[in-house]
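One letter stands for each residue in the lines below.
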4 protein chains.
Amino acid sequence: MDLEAVYRDLHAHPELAFTEHRTAGIVADRLTELGLEVHTGIATTGVVGVLRNGDGPTVLLRADMDALPVREQTGLAWASTETVSDDDGNAVPLMHACGHDIHITCLLGAVEALNGSRGEWSGTLVALFQPAEEHGGGAQVMVDDGLYEKVPVPDVVLGQHVVPYPAGMVGAHPGAAMAAVDTMEVTLHGRGGHGSRPETTIDPVVMAAATVMRLQTVVSREIAPQETAVVTVGSLHAGTKNNIIAAEARLGISVRSFNEEVRQRVLSGVNRVIEAESQASGAPKAPDLEWGERYPVTVNDPASTERVNAAFAAEFGADSVLHPGALSGSEDVGNLATAAGAPLVYWMLGGADPETVRAAMAAGTVETDIPTNHSPFFAPLPQPTIDTGVRALVVAAREWLA
Amino acid sequence: MDLEAVYRDLHAHPELAFTEHRTAGIVADRLTELGLEVHTGIATTGVVGVLRNGDGPTVLLRADMDALPVREQTGLAWASTETVSDDDGNAVPLMHACGHDIHITCLLGAVEALNGSRGEWSGTLVALFQPAEEHGGGAQVMVDDGLYEKVPVPDVVLGQHVVPYPAGMVGAHPGAAMAAVDTMEVTLHGRGGHGSRPETTIDPVVMAAATVMRLQTVVSREIAPQETAVVTVGSLHAGTKNNIIAAEARLGISVRSFNEEVRQRVLSGVNRVIEAESQASGAPKAPDLEWGERYPVTVNDPASTERVNAAFAAEFGADSVLHPGALSGSEDVGNLATAAGAPLVYWMLGGADPETVRAAMAAGTVETDIPTNHSPFFAPLPQPTIDTGVRALVVAAREWLA
Amino acid sequence: MDLEAVYRDLHAHPELAFTEHRTAGIVADRLTELGLEVHTGIATTGVVGVLRNGDGPTVLLRADMDALPVREQTGLAWASTETVSDDDGNAVPLMHACGHDIHITCLLGAVEALNGSRGEWSGTLVALFQPAEEHGGGAQVMVDDGLYEKVPVPDVVLGQHVVPYPAGMVGAHPGAAMAAVDTMEVTLHGRGGHGSRPETTIDPVVMAAATVMRLQTVVSREIAPQETAVVTVGSLHAGTKNNIIAAEARLGISVRSFNEEVRQRVLSGVNRVIEAESQASGAPKAPDLEWGERYPVTVNDPASTERVNAAFAAEFGADSVLHPGALSGSEDVGNLATAAGAPLVYWMLGGADPETVRAAMAAGTVETDIPTNHSPFFAPLPQPTIDTGVRALVVAAREWLA
Amino acid sequence: MDLEAVYRDLHAHPELAFTEHRTAGIVADRLTELGLEVHTGIATTGVVGVLRNGDGPTVLLRADMDALPVREQTGLAWASTETVSDDDGNAVPLMHACGHDIHITCLLGAVEALNGSRGEWSGTLVALFQPAEEHGGGAQVMVDDGLYEKVPVPDVVLGQHVVPYPAGMVGAHPGAAMAAVDTMEVTLHGRGGHGSRPETTIDPVVMAAATVMRLQTVVSREIAPQETAVVTVGSLHAGTKNNIIAAEARLGISVRSFNEEVRQRVLSGVNRVIEAESQASGAPKAPDLEWGERYPVTVNDPASTERVNAAFAAEFGADSVLHPGALSGSEDVGNLATAAGAPLVYWMLGGADPETVRAAMAAGTVETDIPTNHSPFFAPLPQPTIDTGVRALVVAAREWLA
């Protein structure tokens, strides 16, 4: 397979959660060409290839397939110009801004490699291509859609995520490796009216602003400094005209945490602030809170993680093993492991130009110079990223596939 | 003319600023039928009828024609279901939520009445139908488009606005009668990134929230309590997703005031806060401020106002003369008077059901029960509102047209 | 009487509310010397002189006597260096920073003048020297202490306040002339602890800061722009050390308004905000609110005010009649009139150097150059202020004392 | 020595930083009685005893001596009723609320024990009793006062702090064990005036409130969630009366962090916010910032820490070794090690009743039931705390004193 060509094609044709039809078609075709048993349509667009190769453990390798509503600004020759129409008929630009195109490509490459070396191992390989990681919780939807009735239950779940560390590096963090995330859409209810008569209204913009300022104190004052929590109000929308006071404001909030106690404490604080600030405004009714994505902490099994990191050190050299620490991003890959009762190892795969990283570190400009996931400028270096990702999947899988 | 039919037809077919083509067509047709000299296309859709009736002063009567992007919820049989497509192809609902349909109807009725009674007065009547009062400053645009080179320069400018006072009442406030308004769109610049890594970003939602909270202090602390000023952040928009920190936030702000010193002080305070809050966030660049509508204080000439109110008292009875006080709404009718060097009298015309007002005042529920201008429920009672509005224009005009 | 000497002596020896013993002694001595019937000890330090001079109306002239805890910085030769010990034994500096020394002096002068011209009028003069206007509500305390059982009930209550208008000017505002004031001390309850472990505390400084910011919105959003209201958090105290989180914060709040509906609306808003912000913090108990001074609106009887202003115009010339408008300061003199069922006229007496005012107005520096009441720099020009104040009291009283 | 009696006496007689005269006298007397070479008056009240016992390494054991301005509420029979007069003559209550009395007692006990077992070890013991740990940076002041010219330069610096962990437990955290602290007093400049005329003022209470709210965002938005930082505004003072707007507000701020990069980032953010919020208010001049205590990160040498913890495990059993983690409290003991170029091991000594801790943990009420350092209820159990502390110092010292 010309993996770089696969990657460039995927990158140029991003698709949103649960609509990864073109992507799933390509994946299914390639798996079929390689002779795997192919399951499609799990959770709408999920695809799973099974390669049975004698006795031995079952290893699940996972890639996620969905893209983001971001207008690409990478300037790549293969940059996306795709859009999709939203409910109102607006054109929404699309981009593989989180690198799932790399994940798919590497997993296809790993399947090809393991298929080509069937003589060297035995066991069962499950190559799972999941929809809707960004939005929709595709992992759990696949489980709920009967995943483990259709394919063998794995003994270990493995996967990777490309990140802006130097390309060529790879490694997993034992224990709580990625954050729990809880997202919500909050509607604050005021009372609308003309901007010249605020006294007849209950101003939702002020209510929202006070809420945002107060929410900062949940992290700054209510969580132990040694603990990790994030409360982000990512979106805030109210009103249509500068001289009309709207009737409501909508806040899109995401909360991240690394253990259940902190998680509950933050969520409780967020909820308390939202309700009290509504009361401080004399709101006509309590705010509405609608939960969105809620992902658990991604916990890497320590023993399995040590095993995988050791295999990486053997394959790439100890200097190439990343120690990413606990990341505040979130993932739903853990749901695949939890449902199987299997250990998880989910590692980070460097994708940034090592030279650029080095220069930025020297200049102290990493944060401004190195685009991160979800940035319109996020553009992992195709190589050695893809090679490394393929080899990482293979050597990790081979730890179990003796 | 069947004025109620005219009103219902106009109400059912609202049009936005500078696109009042259907409305202008109807107006021009009626004026032509009545035999007036008709000027169309002034400021795109403005229409002016001139009725020369011998020597004497020139009186300009003004009505405004544009509607609002509001989804009507009045339940009227003639409610608007019209929409217009915005730049992104979305359907924007339209409504005469400010009562300009009443203004047009009354002015057509007044022209008909004055035309039918030409034997009783002499002078020149200028019936001006202005586009774009809500948005776009149509009055000044008409002046700039050569209005007073095309039609006689008036000795007095008269006009009216329907408001939720009891129908049948009418009256003007001498001096500063309506507020100056200054509107602006402010873009606050942050730095976007993933919601889990706030430290790599400059969060525009927090910047906007702090700005909104701080803007409250301009009115609460910087303006003398006896002075009148309003700072409304009518719209606030930032971000698209709960877990992505956006790069910017946009605030739509309107400022109202009743004298120039206060106006300058408030605007200076607003500007200072916006800049400083941006600095407090460490913004990568200063905020952008784009001015929108900027209308001056609407100043009724005291002597002329006394004259008009006296004429109303004679016509309708002293009990029917409104004392609206200074209103915090804004108008651009003053630009027509200023450009002519003529005095202005701009009065308020009651449009609410007197019984409903009485009951609401008794129950202390005026603010919740009586829909105000710009509300989706704003529905002036056609009668006696239209009759009163026609007679008010006629008797006021006749004060000058001897 | 050498009124300037009296004034300089009073100025040099300020006393706080209800401790005006020296001042009261001087006043009582002078009234006794003039032969009046003198009542002392009403409301601890109140003094009233009664001068019965035949049939006719009873006129009450009122002066207030207390000073403020301000460290004088006027540089006057007769500046105060007095202090008083507080509960903790600290020395509190004292100053007649509100000009009550001028009020006393002028009233003594007016009594002397009216006493010396007894042949020209008849009726009863009540010269009332009230304690505790700044703090303690001395007027009502005098009423409650049996004032009108001890001295004749007046037919009119008259009084004056020195203000930083040009000396030589004097005049009253009809109707609501001075604001209602409601003051309160609020204790917000948090939970203390070490500054390094905020998560074990409920931070009262953050609670107080959020409360202060939210309180701004009561004026900016909940009161009609045409109405007048002030919410000032004059004092805010929490904590003793930068690294210890305190258990509580104390806010000293004053609210001013000019009519009862607005007053209730503001107080309700203030209360709502304080409670809700406490809840937003998860406070262990609701805030405590202790009312302090609560003075009603000072309402000048319109007809009586017109009469007094006319008398001022006759005495001083029309150019010397002030039109102070409604002032946002507060007074308890109204309680003396209300308890008597009598009309009130309370006027403003200019005390600033006219030249300085003129220069400051020309330079636009009035606010920075002209010290106002309560400023450590407030120093009314002794003359012509005292002369004008004496004559104003006499001519106003003589309007009733025919 | 009757160590409990020593402790009760010290507890009953607390002294503030650099005024520990009585305490220093007791310490010097005991050291002299034990035959040590005693140096007094280093940094005013510092005392150092030197015990030379043949060849071998020099070990510095450190205790701090100062107490806090806290009104004791422990109800102990030996509770402090001491006070000290402040600059204004007020009585300030004093309490050993941080447990330094325990530290002194244990170190005296350890010196006695090591002195009594001189035959078992050789080397030099330096017993250092430092003034002013809470306030004044006594460690560096001792260094600057020629400490290491007067006493031998140590090969290792050891010390301990009593904390509300179960008594009988003891242990050190390797690496960054306690936070850096930077404290500052900030004066925000407004413009004072009467509370009824906010427009003539620049309200420092509002300025301070906005600053406090904005400071929350430094931790919540500018520091990586995985990093540890605390910004506490421990004190906030402005104004004296509810109706007078003050001219300034004073904020006492402490900042904690665990590495230099985060420290600089937080301090930079705090500074930026303070300046910008001052500008947002239109302050007449920039805020004044006066630095207070600034202590570096307390870094325990990892190898030495492992050695000490192992010695503790041998002495007390592995179950009795605390793993306190990095604590957000701060210390200046590190300055003694840095100046000597020696490794530091600073451990935590449990002082709470184990039963109470167990019950509180079971009930989830640790935070409310177990008083922490600086609380007026902080009362370490004398035993086994003192015994454990003595033995811990001895066994740790003996690791070097072979």
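The structure presented is a predicted model; accordingly, all values stated were derived computationally and were not measured.

1. A closer look at the overall build of chain A
Here comes step 1: Of regular secondary structure, chain A possesses 12 helices and 17 strands.
Here comes step 2: For a compact globule of 402 residues, the expected C-alpha radius of gyration is about 21 Å, and chain A comes in at 23 Å, within 12% of that figure.
Here comes step 3: Expressed along its principal axes, the backbone C-alpha trace of chain A runs to roughly 80 × 50 × 45 Å.
Here comes step 4: Long-range contacts, defined here as pairs at least 24 residues apart, represent 82% of the contacts in chain A between residues at least 6 apart.
Here comes step 5: Carbon and sulfur atoms make up 50% of the accessible area of chain A, which totals about 13600 Å².
Here comes step 6: Distance between charge centroids for chain A: 6 Å, based on 24 positive and 51 negative side chains.

2. Some details on the sheet that holds strand β6 (residues 123-130) of chain B
All names here are of chain B.
Here comes step 1: Strand order in the open sheet formed by 7 strands is β1-β2-β6-β3-β7-β17-β8, with mixed pairing between adjacent strands. At either end of the open sheet lies a strand with only one pairing partner, and these are β1 (37-42) and β8 (170-171).
Here comes step 2: With respect to the sheet, helix α8 (residues 302-316) is in contact with β7 (156-166), β8 and β17 (344-352), its orientation differing from that of β17 by roughly 35°.

3. Let's talk about the interface of chain A and chain B
Here comes step 1: The interface of chain A with chain B comprises 50 residues on the first partner and 47 residues on the second.
Here comes step 2: Together, the buried faces of chain A and chain B total about 4000 Å²; carbon and sulfur atoms form 55% of this surface.
Here comes step 3: Contact with chain B buries area across many residues of chain A, yet A:Leu236, A:Asn242 and A:Glu367 alone supply 15% of it, more than any other trio.
Here comes step 4: Here chain A is connected to chain B by 0 salt bridges.
Here comes step 5: Taken together, the links from chain A to chain B amount to 14 residue pairs in polar contact (both at pLDDT 80 or more).
Here comes step 6: Of all elements in the fold, only β9 (175-189), α6 (204-221), β11 (229-238), β12 (244-245), β13 (248-257), β16 (327-330) and α11 (366-369) of chain A reach the threshold of two or more residues within the side of chain A that touches chain B.
Here comes step 7: Split by residue class, the side of chain A that touches chain B holds 16 nonpolar, 24 polar and 10 charged.
Here comes step 8: Pairing between β11(A) and strand β12 (residues 229-238) of chain B: 3 bridges, direction antiparallel. Residue pairing across strands places A:Leu236 opposite B:Ala238, the latter belonging to β12(B).

4. Focus: a negative patch on the surface
Here comes step 1: Together, A:Glu185, A:Glu248, A:Asp288 and A:Glu290 give the surface a local cluster of negative charge.
Here comes step 2: Topologically, A:Asp288 is positioned in strand β14 (residues 288-295).

5. A closer look at helix α8 (residues 302-316) of chain A
Residue and element names in this part refer to chain A.
Here comes step 1: End to end, α8 covers 21 Å across 15 residues, agreeing with the expected 21 Å (1.5 Å per residue, within 8%).
Here comes step 2: The complete set of buried residues in α8 reads Ser304, Thr305, Val308, Asn309, Ala311, Phe312 and Phe316. Looking straight down α8, one finds that the buried residues subtend no more than 160° of arc, so they occupy a single side. Residues of α8 that are exposed and angled more than 90 degrees away from the buried face: Ala303, Glu306 and Ala314.
Here comes step 3: Where α8 is buried, its residues meet β7 (156-166), β8 (170-171), β15 (298-300), β17 (344-352) and α12 (382-400).
Here comes step 4: Of the residues flanking the end of α8, it is Gly317, one or two places downstream, whose phi is positive at about 95°.

6. Topic: the domain arrangement of chain A
Bring the parts together and some accessible area is lost; that lost area is often taken as the interface size.
All names here are of chain A.
Here comes step 1: For chain A, the assigned domains are domain 1 (3-179 + 297-398) and domain 2 (180-294).
Here comes step 2: Relative to domain 2, the C-alpha centre of domain 1 lies at a distance of 33 Å.
Here comes step 3: Across the boundary between the two partners, domain 1 contributes 14 residues, which contact 7 residues of domain 2.
Here comes step 4: Three residues, Ala179, Val297 and Ser328, lead the burial of domain 1 against domain 2; their summed loss comes to 52% of the area buried on that side.
Here comes step 5: Summed over the shared surface of domain 1 and domain 2, the number is 0 salt bridges.
Here comes step 6: Taken together, the connections running from domain 1 to domain 2 amount to 5 residue pairs in polar contact (both at pLDDT 80 or more).
Here comes step 7: Within the residue set of the side of domain 1 that touches domain 2, elements represented by two or more residues are β9 and β16.
Here comes step 8: Split by residue class, the side of domain 1 that touches domain 2 holds 7 nonpolar, 6 polar and 1 charged.

7. Concerning the interface of chain C and chain A
Here comes step 1: Counting residues at the interface gives 25 residues for chain C and 25 residues for chain A.
Here comes step 2: At the boundary of chain C with chain A, total buried surface from both sides reaches about 2000 Å², with 49% on carbon and sulfur atoms.
Here comes step 3: The three residues of chain C that bury the most area against chain A are C:Glu199, C:Arg214 and C:Arg221, which together make up 36% of that side's buried surface.
Here comes step 4: Remark: the boundary between chain C and chain A carries 4 salt bridges.
Here comes step 5: The closest approach of N and O atoms between C:Arg214 and A:Glu277, which form a salt bridge, is 2.9 Å.
Here comes step 6: Summed over the shared surface of chain C and chain A, the result is 12 residue pairs in polar contact (both at pLDDT 80 or more).
Here comes step 7: For the side of chain C that touches chain A, the element with the most residues is helix α6 (residues 204-222) of chain C, which contributes 8 residues.
Here comes step 8: A class-by-class count of the residues in the side of chain C that touches chain A yields 11 nonpolar, 6 polar and 8 charged.

8. Considering the sheet that holds strand β7 (residues 156-166) of chain D
Residues and elements named next belong to chain D.
Here comes step 1: With respect to topology, 7 strands assemble into an open sheet ordered β1-β2-β6-β3-β7-β17-β8, the strand pairing being mixed. One side of each edge strand has no neighbouring strand; the edge strands of this open sheet are β1 (37-42) and β8 (170-171).
Here comes step 2: Sheet contacts for helix α2 (residues 21-33): β1, β2 (46-53) and β6 (123-130); angle to β2, the most-contacted strand, approximately 15°.

9. Notes on helix α9 (residues 333-340) of chain A
Here comes step 1: Counting buried residues in α9(A) gives 6 out of 8 residues, a clear majority hidden from the surface.
Here comes step 2: Once α9(A) finishes, A:Gly341 follows within two positions and takes phi at roughly 65°, a positive value.

10. Some details on the UniProt feature "domain: Peptidase M20 dimerisation" (unreviewed entry) in chain A
Here comes step 1: Here, the residues flagged by UniProt with the feature "domain: Peptidase M20 dimerisation" (unreviewed entry) are residues 183-277 of chain A.
Here comes step 2: Between the end C-alpha atoms of residues 183-277 of chain A there is a gap of 19 Å, over a span that is 38% helix and 33% strand.

11. As for the relation of the copies chain C and chain A
Here comes step 1: Least-squares fitting of chain C to chain A yields an RMSD of 0.1 Å, with the transformation described by 0.3 Å of translation along the axis and a rotation of 180°. Taken together, the turn and the small shift mark the pair as related by a two-fold rotation axis. Closest to the rotation axis within chain C is the C-alpha of C:Ala276, separated from it by 2.7 Å.
Here comes step 2: Take the interface residues of chain C: 100% of them recur as interface residues in chain A, which is what a same-surface contact looks like.

12. Quick notes on the UniProt feature "binding site: Mn(2+)" (unreviewed entry) in chain A
Here comes step 1: Those places that UniProt annotates as "binding site: Mn(2+)" (unreviewed entry) correspond, in this numbering, to A:Cys98, A:His100, A:Glu134 and A:His161. Sequence-wise these annotated residues cover 64 residues; spatially they are packed, their C-alpha atoms never more than 12.7 Å apart.
Here comes step 2: Inspection of the secondary structure puts A:Cys98 in the loop between β5 (91-93) and α3 (100-116).
Here comes step 3: Note on A:Cys98: relative accessible area 7%, which makes it buried.
Here comes step 4: Position of A:Glu134 among the secondary structure elements: in the loop between β6 (123-130) and α4 (138-144).
Here comes step 5: Setting aside residues up to four positions removed in sequence, A:Glu134 forms contacts with A:Asp66, A:Ala67, A:Leu68, A:Cys98, A:His100, A:Glu293, A:His374 and B:Lys241.

13. So, the packing of aromatic side chains
Here comes step 1: This structure, assessed with the given rule, holds 12 aromatic pairs over all chains.
Here comes step 2: Ring plane angle 75° and centroid distance 6.1 Å describe the contact between C:Tyr7 and C:Trp78, whose orientation is recorded as edge-to-face. Here C:Tyr7, found in helix α1 (residues 3-12), pairs with C:Trp78, found in the loop between β3 (58-64) and β4 (83-85); they are 71 residues apart in sequence, far enough to count as distant.
Here comes step 3: Here C:Trp78 falls in the partly exposed class, since its relative accessible area comes to 22%.
Here comes step 4: B:Arg8 extends its terminal NZ or CZ atom over the ring of B:Trp78, reaching a point 5.8 Å from the ring centre.

What counts as what
- Residues numbered from 1 in each chain as written.
- Chains lettered and ligands numbered in written order.
- Predicted model: local features only at pLDDT ≥ 70, side-chain atom pairs only at ≥ 80, totals over all residues.
- Heavy atoms only, no water.
- Helix = DSSP H or I, 4+ residues; strand = E, 2+ residues; numbered from the N terminus.
- Rg over C-alpha atoms; globule rule 2.2 N^0.38 Å.
- Contact = heavy atoms within 4.5 Å.
- Areas by Shrake-Rupley, 256 points an atom, 1.4 Å probe, with all protein chains shown as cover.
- Lys, Arg positive; Asp, Glu negative; His and termini not counted.
- Charge placed at Lys NZ, Arg CZ, Asp CG, Glu CD.
- Pairing = 2+ DSSP bridges.
- Axes fitted to C-alpha atoms, helices over the stretch in contact; angles between N-to-C directions.
- Buried area = accessible area lost by both parts, 1.4 Å probe.
- Salt bridge = Lys/Arg side-chain N within 4 Å of Asp/Glu carboxyl O.
- Polar contact = N/O pair within 3.5 Å; in protein donor to acceptor, adjacent residues only side chain to side chain.
- Nonpolar A, V, L, I, M, F, W, Y, C, P; charged D, E, K, R; others polar.
- Patch = residues over 30% accessible without salt bridge, like charges linked within 9 Å, V, L, I, M, F, W, Y side chains within 5 Å.
- Expected span 1.5 Å × (residues − 1).
- Buried < 20%, exposed > 50% of the residue type's maximum accessible area, 1.4 Å probe, protein only.
- Arc of directions from axis to C-beta.
- Domains from an automatic or database assignment.
- UniProt positions renumbered as here; feature names shortened; annotations may be inferred.
- Least-squares fit on C-alpha atoms with pLDDT ≥ 70 in both.
- Phe/Tyr/Trp six-rings, centres within 6.5 Å; stacked < 30°, edge-to-face > 60°.
- Lys NZ or Arg CZ within 6 Å of the ring centre and 35° of its normal.

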